[in-house]
Structure formats: C-alpha cells, structure tokens
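Chain by chain, the residues:
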Amino acid sequence: DGGITQSPKYLFRKEGQNVTLSCEQNLNHDAMYWYRQDPGQGLRLIYYSQIVNDFQKGDIAEGYSVSREKKESFPLTVTSAQKNPTAFYLCATSTWGQETQYFGPGTRLLVL
Amino acid sequence: KQEVTQIPAALSVPEGENLVLNCSFTDSAIYNLQWFRQDPGKGLTSLLLIQSSQREQTSGRLNASLDKSSGRSTLYIAASQPGDSATYLCAVTLGSARQLTFGSGTQLTVLP
C-alpha cells in the first residue's frame, strides 16, 4: 500500500487470452518485484528488476513476461502459456540500502 | 535450495494470551529474516527485520528472535488482541540480491 498502486483489483481471463497487471510506484525505489500467492501458501517470486530496462527471472517465470521501461512502472503479462493463472499477484518495491520490501494491495486473477 | 517452514499453519487463542509463532529455514547463510503481516485479500506489511548478525528485534508488543545456527526464528506477540488476527509470514534473504523466500504463513485468530 502507500505509494504502490496495483490495478485492477480483480481481473478475469478467458481461455487463451493474455492479460496485463499494472504496478506503479511513486516511492522512487530502484527495485521492483512480482510475486504469486496461492491459497494457504507463501509468496513465490515471478520476476524482479533492479534497474530500468533490466529484469531477471524468479522461481516461477514460465508463462509470464515483464517490462521495465520506466522506474515507476513494472507491468506483468500473464500469457496463454500459463495454464494455471488463478492466484493473488503482489507487486513489491525496495530501495538500495533498505532491505525491507514494500508491497502493493494485490490483484486477484480469475479464469472464466 | 532454501526452504522456509512455518508451524503451526493456524492458531486460535483467547484475547490477552501471549503466543509464539515459529519459522525454520534450511540454509543458515541468510542475509536477513523478516516477519510480515497479511490481512485477508491485502498486501503484506513488514513488522520486523532481523539482520544476520542480530539476535532479536522488538517493536511494541512484538519481539522476533533469530538463531542462525539452528535455522530458527520466533515471533512473540504479547497480550494478544483481536486486531492481531491476520496471517503472519516469515521470509529470508540469501546474499545481497534481496530475493525473499517465504514460508507459507501462520493464520492467527485472536478471540474476544
């Protein structure tokens, strides 16, 4: 919460469709992260970016793609290759010298 | 690969009780350990961060301890209140990459 905005709050995906989740921050943080949370489970890292125009795969990157064209924005696209996309998606940010990550309010993705 | 385990998965206590939540990790070469709180359908809020060189951190009614050699951390909540009801997640960071590995959380219910 605070300076991190995720939209939409709920998103519905049809079979074979790509959808994009938005994450915007005004905290001037360098690093941004995308996590997936399934019911009763912890968070798993999808992608992260430490600087603009650079990003790395996390533990479960298959079926997802990201871009980091601006410091403030780190959109996540859930592609049709992700066969089980239903989950709660959380974006986080951090800044050099502070180890704490700050989390957005999340987007819940459901499949129709 | 680092694995983080939290026991119990769920806990229900009467108001006013002191309680302890447990977190264990398999790789003791951690950079730091954090405890987060998550309310239903919301993002995460950082509660306490313990550096690898520290033994404990305190914030109000919360006290977190870290024993790196045994791969364990505990979160102690004193005089629990219904407002403490939430899921508590611990996460460890390996090295300076700031990638977090999360446990699956303990769902706490404090009964009035």
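Residues numbered from 1 in each chain as written. Chains lettered and ligands numbered in written order. Predicted model: local features only at pLDDT ≥ 70, side-chain atom pairs only at ≥ 80, totals over all residues. Heavy atoms only, no water.

## Some remarks on the pattern of salt bridges
Any two side chains of opposite charge can pair, so long as their charged atoms come close to each other. Scanning the model with the defined rule gives 5 salt bridges over all chains in all. Put simply, arginine 37 of chain B and aspartate 39 of chain B hold a salt bridge, and the shortest N to O gap is 3.0 Å. Overlapping salt bridges, with partners in common, bring together Arg36, Asp38 and Arg44 of chain A in one network. (Salt bridge = Lys/Arg side-chain N within 4 Å of Asp/Glu carboxyl O.)

## As for the interface of chain A and chain B
Chain A puts 24 residues into the contact, and the matching count from chain B is 20 residues. Taken together, both faces of the contact between chain A and chain B bury some 1700 Å²; the carbon and sulfur share is 49%. Contact with chain B buries area across many residues of chain A, yet Leu43, Glu99 and Phe103 of chain A alone supply 31% of it, more than any other trio. Where chain A meets chain B, there are 0 salt bridges. For the interface between chain A and chain B, the tally reads 2 residue pairs in polar contact (both at pLDDT 80 or more). Listing elements by their share of the side of chain A that touches chain B, those giving two or more residues are strand E4 (31-37), strand E5 (43-51) and strand E9 (87-94) of chain A. With 4 residues, the single largest contributor to the side of chain A that touches chain B is E5 of chain A. The residue inventory of the side of chain A that touches chain B, partitioned by class, reads 10 nonpolar, 12 polar and 2 charged. (Contact = heavy atoms within 4.5 Å. Buried area = accessible area lost by both parts, 1.4 Å probe. Polar contact = N/O pair within 3.5 Å; in protein donor to acceptor, adjacent residues only side chain to side chain. Helix = DSSP H or I, 4+ residues; strand = E, 2+ residues; numbered from the N terminus. Nonpolar A, V, L, I, M, F, W, Y, C, P; charged D, E, K, R; others polar.)

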